[in-house]
Amino acid sequence: MRLMKLELKRVLKTRSTLILLTLSLVLSLVMAYIPTTFSYVTYRDANGDTVKLLGLDAVQYLKTLQSDTAGTVTPQKVRQAVEDYQTCLTKYGVDNTYDLPDGVYEADILPYAPLFHGVREAFADPDSGIAPSLMDIDPEKIEDFYGACEARLDSLMKLEQRDHPAAQEAAKRLYSRVETPYQLYPGYNTDAMDYQLLLSFLIVLFCAVITAPIFTSDYQTGADDIYRCTKYGRVKFAVTKLLSALLICGTVFSLCAVVFLLVSNSLYGWECTKTSMQMLYSIVNLPNLNLGQLQWVCAGGYLLCLLATVSFTLFLSSRLRNVVASLAVALVCCILPVILYVALPSEIGQWIYTILPAGGVALQTSFLYTLVDFAFWNIGNLAIWTPYVMLGAYCVEIPLFLCLAGYSYCTHKVS
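What counts, and where the lines are drawn
- Residues numbered from 1 in each chain as written.
- Predicted model: local features only at pLDDT ≥ 70, side-chain atom pairs only at ≥ 80, totals over all residues.
- Heavy atoms only, no water.
- Helix = DSSP H or I, 4+ residues; strand = E, 2+ residues; numbered from the N terminus.
- Expected span 1.5 Å × (residues − 1).
- Buried < 20%, exposed > 50% of the residue type's maximum accessible area, 1.4 Å probe, protein only.
- Pairing = 2+ DSSP bridges.
- Axes fitted to C-alpha atoms, helices over the stretch in contact; angles between N-to-C directions.
- Parallel < 35°, antiparallel > 145°, perpendicular 65-115°, else oblique.
- Left-handed = near helix turned anticlockwise from the far one by under 90°.
- Contact = heavy atoms within 4.5 Å.
- Nonpolar A, V, L, I, M, F, W, Y, C, P; charged D, E, K, R; others polar.
- Phe/Tyr/Trp six-rings, centres within 6.5 Å; stacked < 30°, edge-to-face > 60°.
- Lys NZ or Arg CZ within 6 Å of the ring centre and 35° of its normal.
- Patch = residues over 30% accessible without salt bridge, like charges linked within 9 Å, V, L, I, M, F, W, Y side chains within 5 Å.
- Areas by Shrake-Rupley, 256 points an atom, 1.4 Å probe, with all protein chains shown as cover.
- Salt bridge = Lys/Arg side-chain N within 4 Å of Asp/Glu carboxyl O.
- Arc of directions from axis to C-beta.
- Polar contact = N/O pair within 3.5 Å; in protein donor to acceptor, adjacent residues only side chain to side chain.

## Remarks on helix α13 (residues 291–319)
Given a rise of 1.5 Å per residue, 29 residues ought to cover 42 Å, and the 42 Å separating the end C-alpha atoms of α13 matches this to within 8%. Counting buried residues in α13 gives 22 out of 29 residues, a clear majority hidden from the surface.

## Here's the deal with the pairing of strand β1 (residues 40–44)
Regular strands place side chains that alternate from one sheet face to the opposite one. With five bridges connecting them, β1 and strand β2 (residues 50–54) associate as antiparallel partners. Within β2, the residue paired with arginine 44 across the bridge is threonine 50. In this structure, the hairpin formed by β1 and β2 is closed by a connection of five residues, where glycine 48 is found at a positive phi of approximately 85°.

## Structural notes on the packing of helix α9 (residues 191–211) against α13
Running from amino to carboxyl end, α9 crosses α13 at an angle of 20°, the nearest separation of the two axes being 9 Å. Looking at the two axes, α9 sits roughly parallel to α13. Of the two possible hands of crossing, α9 and α13 adopt the one that is right-handed. Residues Met193, Gln196, Leu197, Ser200, Ile203, Val204, Cys207, Ala208 and Thr211 of α9 form the contact with α13, whose own contacting residues are Leu291, Leu294, Gln295, Cys298, Ala299, Tyr302, Leu306, Thr309, Val310, Thr313, Leu314 and Ser317. Across the contact of α9 with α13, the residue classes break down as 14 nonpolar, seven polar and no charged.

## Quick look at the packing of aromatic side chains
Any aromatic ring pair is given by two values, namely how distant the centres are and how the planes are angled relative to each other. If you walk through the whole model with that rule in mind, you get 13 aromatic pairs. With centroids separated by 5.9 Å and ring planes inclined at 55°, the aromatic side chains of phenylalanine 38 and tyrosine 195 adopt a geometry described as tilted. You can see phenylalanine 38 sitting in the loop between α2 (15–33) and β1 and its partner tyrosine 195 sitting in helix α9, a full 157 residues away along the chain. Between tyrosine 85 and phenylalanine 116, the ring centres sit 5.2 Å apart and the planes meet at 75°, which makes this aromatic pair edge-to-face. A residue pair is termed long-range when its members are at least 10 positions apart, and tyrosine 85 in helix α4 (residues 75–92) and phenylalanine 116 in the loop between α5 (104–109) and α6 (119–122) qualify at 31 residues. Chaining the aromatic ring pairs together yields one cluster made of Tyr85, Tyr112 and Phe116. Across the ring face of tyrosine 185, the terminal group of lysine 274 is positioned such that the distance to the ring centre comes to 4.6 Å.

## What to know about a nonpolar patch on the surface
A grouping of Ile348, Trp351, Ile352, Ile379 and Leu382 is seen on the molecular surface, where their side chains present a nonpolar patch of about 420 Å² in accessible area. If you tally residues by element for the nonpolar patch, the top one is helix α15 (residues 346–353), at three residues. Checked against the element boundaries, tryptophan 351 lands in helix α15.

## Examining the packing of α9 against helix α12 (residues 235–268)
α12 packs onto α9 with a crossing angle of 160° between their chain directions and a minimal axis gap of 11 Å. On the basis of their axis angle, the class for α9 and α12 is roughly antiparallel. Every pair of crossing elements has a handedness; the one defined by α9 and α12 is right-handed. Across the interface between the two elements, Ala192, Tyr195, Gln196, Leu199, Ser200, Ile203, Cys207 and Thr211 of α9 pack against Ala245, Cys249, Phe253, Cys256, Phe260, Leu261, Ser264 and Tyr268 of α12. The residue inventory of the contact of α9 with α12, partitioned by class, reads 12 nonpolar, four polar and no charged.

## Regarding helix α1 (residues 2–12)
Looking only at α1, the buried set comprises Met4, Glu7, Leu8 and Val11. Buried residues of α1, seen end-on, are gathered within an arc of 100° and therefore sit on one face of the element. In α1, the exposed residues that point more than 90 degrees away from the buried face are Arg2 and Lys5. The inward-facing, buried residues of α1 contact α2, α9, α10 (213–221) and α12.

## A short note on the side chain of serine 28
Here serine 28 is to be found in helix α2. Assessed through its relative accessible area of 0%, serine 28 is described here as buried. Side-chain polar atoms of serine 28 contact the backbone oxygen of serine 24, separated by 2.9 Å. Ignoring anything within four residues of it in the chain, the contact list for serine 28 reads Leu199, Cys256, Val259 and Phe260.

## A short note on the pattern of salt bridges
Enumeration according to the criterion identifies six salt bridges in this entry. Two residues, glutamate 271 and lysine 63, come together in a salt bridge whose shortest N-O distance is 2.6 Å. Remark: lysine 63 occurs in helix α3 (residues 55–65) and glutamate 271 occurs in the loop between α12 and α13; sequence separation between them is 208 residues. Taking the relative accessible area as the measure of exposure, glutamate 271 reaches 29% and is therefore partly exposed.

Written out as structure tokens, the structure reads:
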């Protein structure tokens, strides 16, 4: 225990570590607030003057304006919203909301606009996947809104996984667990989820910088030659270094994730966390999660991704003799999933970046986007949903790379 305390103190007293840890906490506060600044709304007041609201004022105004949509998303509420939409556009003789007179959209359509989410997708053409206009949807069909969602998932999977019937069946099994009718509490938007991801990506980069010198700096300065001559200079010392690095990085990430979610949800309103994720992303998303559950599931996935990346970085540190080289390789590995996403064909890239240690926080290949996507690993008659692949890979990589790092350090030959 004494050795652990000394190692924690040594790492935490490093100036670069203190700067990065402080920056992580500051970013947690700042990035929780930034998405609220994107909210914007205009309306006409009682005097006919145009009022513009930004940021939290716009969020609060929209929550009040759309309060009647809050609660259970029943087919009747969706049908009424579509009928009111069609009546409004017919009244003004236009085909889309952009052609409405000034102020009409804000007064007549915006109050129930959240109920439109997913309606066009639910009634998309089963063969082409093209979504119809709201004006072309028969309101009577909306009475079977959730039946249409099930049919949409079936047609979507036939388009996405045409040659993989096992994936189609797996998607149906997952969606069958989703609770309907959905819940909706307006005010929140997906920008906050994207900033949670961006924050996690930055913290992973910071932790890679912190852990890259753990072993390499001692090799480079020659201090390791002395440590190896002591009683606990090999196995116990290696275990202490590995555990201290994981403890520091895991604790910092967990603290920042909690701070971000507490601040973000307080700004938007905690009732928003009860919204079904299907009312934010695709109307037929496979996870049975509301927004609050999605936030914490993503945070857990990002934490495992962080620990896998840190474990891999420690392995690099145990192998390389130069701090700059160790740091450079670690950072390249952090951004490698983004490069592979762009450079490789989609199916091949998916097989690779889903098992890379840092893949879960890469912006295009993130754990969040696999949750809202419909991609599967198809191996013969076996179909595995990509979020399960990611989590399974991290659970294997963490002990694997830690053991390899410990073995590499213990067998390191002093030059």
